[in-house]
Amino acid sequence: MLLTTLDARHDTLGWDRTYVLPGVRLPQLAAALRRPVQNRDNWPGPLLDLRALIAPDEDGIAPALERLSRFAGGAGELPEPHDQAHRAALEHLRTVTPDDGRLPEQTLIHVGEHLAQMALHADSIGHRPWYVFDDIWASAHPDLAASLMHYAYHWDPDCTRRHGFMMPCGHEEYLDLRLGHGDRVRDYEPYDEPLVTELTGVRSVAELRRQIFQDAGTGKQRLLLVLDQDHQSELFGVIGAVLGHPTPDACELRYFHLGKPRRSRGEQPSRLIKALCFELRKEGYTNLVLSQPPNELCQKWLNPVTLRGTSPTGHVIPLADFYPPDLYALWADPFLL
């Protein structure tokens, strides 16, 4: 479920999260949403609204989506269990009219067997798209399904990992970190090749990969990009790392190329290294291994991010000696503001 909260413009996606109900396909979603909610604080407001608007005897979500187009929101404050919440939601529909220029008749809804879409007319600015699909639809449209989940921030309402608001969990399969001040670190995508070759001076990313990852063994190869999103995703850094090499609990840093961003912000490299090391620690890695002893510039960046008493002069730096950037792990639950 991807329930966007911004109007359908160029910046709609990337500000919301996907949510999943494991083992539930779209035909069973209405019944699944009527189940008791264990932790309402972990559920997004729009999903609680949809839940409250599903009648006790309805098999699908199409009628509830139509009611949602006329609902002013706030189901999180309605009583439990579900039947009481539904009665309160119907009374809300009868007595409260959405304001801010919302026109329910302009909401577009299509519900199929395994995909439901809604363009919710939110206000005078425009529509807010919703996508609800299951594994059957995703297997038939893998690229589109992956794209929708990629642009949302988080799939798990019950995530317990510590990270800041608007900062997605890094994980072993895909890394996407927001470092604050518009800085971002994420995995390389094929469409990034022109930017990478321009910054590094190599002829192709394939050539760069050969240079970095030769003799990587069975380690997991990661080519990461450092972007300044405040300036049209300007690329100013490329990082090559091998996870699980040379030992299963280590990450070998083989390539660290930082250009000069448009903004003069001296703490950027330090924040970058802190965030990466913090994510590696969360994944269970204990050491950062440098392919060669750090040069003077690398030491300049490493010194501020290690604890007092640690000198990054050798090949191996314990990840326990790093601490996260300021505000990076401020909130234990990223769904609570």
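Predicted model, so just to flag it, every value in this text is computed and none were measured.

*Asks:* How would you sum up the side chain of Ser-69? Please name residues and give values.
*Replies:* Position of Ser-69 among the secondary structure elements: in the loop between α3 (62-68) and α4 (82-95). Not counting chain neighbours up to four residues away, the residues in contact with Ser-69 comprise Arg-102, Pro-104, Thr-107 and Leu-120.

*Asks:* Can you break down helix α2 (residues 45-53) residue by residue, with the values?
*Replies:* Residue pairs three or four apart in sequence face the same way in an α-helix, which turns once every 3.6 residues. Across the 9 residues that make up α2, a large majority, 7, are buried. If you check which residues of α2 are buried, you get Leu-47, Leu-48, Asp-49, Leu-50, Arg-51, Ala-52 and Leu-53. If you follow the buried residues of α2, they end up packed against β1 (2-3), α1 (29-33), α3, α4 and β4 (127-133).

*Asks:* Report on α4, specifying residues and quantitative values.
*Replies:* For α4, which comprises 14 residues, the first-to-last C-alpha distance of 20 Å matches the rise-based estimate of 20 Å (1.5 Å per residue) to within 8%. Turning to α4, its buried residues number three or more, namely His-82, Ala-85, His-86, Ala-89, His-92 and Leu-93. Buried residues along α4 cover an arc of 120 degrees about the axis, so they all sit on one side. Of the residues in α4, the exposed ones pointing more than 90 degrees away from the buried face are Arg-87 and Arg-94. Those residues of α4 that are buried are in contact with α2 and α3.

*Asks:* Describe the pattern of salt bridges, and please don't skip the residues or the numbers.
*Replies:* Taken as a whole, this structure holds 10 salt bridges when the rule is applied. The closest approach of N and O atoms between Glu-80 and Arg-40, which form a salt bridge, is 2.5 Å. Within this pair, whereas Glu-80 is found in the loop between α3 and α4, its partner Arg-40 is found in the loop between α1 and α2, the two being separated by 40 residues in sequence. Note on Glu-80: relative accessible area 31%, which makes it partly exposed. Put simply, Arg-70 and Glu-66 hold a salt bridge, and the shortest N to O gap is 3.1 Å. You can call Glu-66 partly exposed: its relative accessible area is 36%. Counted as one network, the salt bridges with shared partners bring together Arg-40, Arg-51 and Glu-80.

*Asks:* How would you explain the packing of aromatic side chains if you had to name every residue and give the values?
*Replies:* For any pair of aromatic rings, the description consists of the separation of the ring centres together with the inter-plane angle of the planes. Under the counting rule described, the total for this entry stands at 1 aromatic pair. Ring geometry for Phe-133 versus Trp-137: centroids 4.8 Å apart, planes at 45 degrees, classification tilted. Phe-133 sits in the buried class, given a relative accessible area of 18%. You can call Trp-137 buried: its relative accessible area is 11%.

*Asks:* Describe the packing of α2 against α4, with residues and values.
*Replies:* Interhelical geometry of α2 versus α4 gives an angle of 95 degrees and a closest axis separation of 7 Å. Here α4 runs roughly perpendicular to α2, going by the angle between their axes. Note on element contacts: α4 touches α2 through His-82, Ala-85, His-86, Ala-89 and Leu-93, opposite Arg-51, Ala-52 and Leu-53. In the contact of α2 with α4, the residues fall into 5 nonpolar, 2 polar and 1 charged.

What counts and how
Residues numbered from 1 in each chain as written. Predicted model: local features only at pLDDT ≥ 70, side-chain atom pairs only at ≥ 80, totals over all residues. Heavy atoms only, no water. Helix = DSSP H or I, 4+ residues; strand = E, 2+ residues; numbered from the N terminus. Contact = heavy atoms within 4.5 Å. Buried < 20%, exposed > 50% of the residue type's maximum accessible area, 1.4 Å probe, protein only. Expected span 1.5 Å × (residues − 1). Arc of directions from axis to C-beta. Salt bridge = Lys/Arg side-chain N within 4 Å of Asp/Glu carboxyl O. Phe/Tyr/Trp six-rings, centres within 6.5 Å; stacked < 30°, edge-to-face > 60°. Axes fitted to C-alpha atoms, helices over the stretch in contact; angles between N-to-C directions. Parallel < 35°, antiparallel > 145°, perpendicular 65-115°, else oblique. Nonpolar A, V, L, I, M, F, W, Y, C, P; charged D, E, K, R; others polar.

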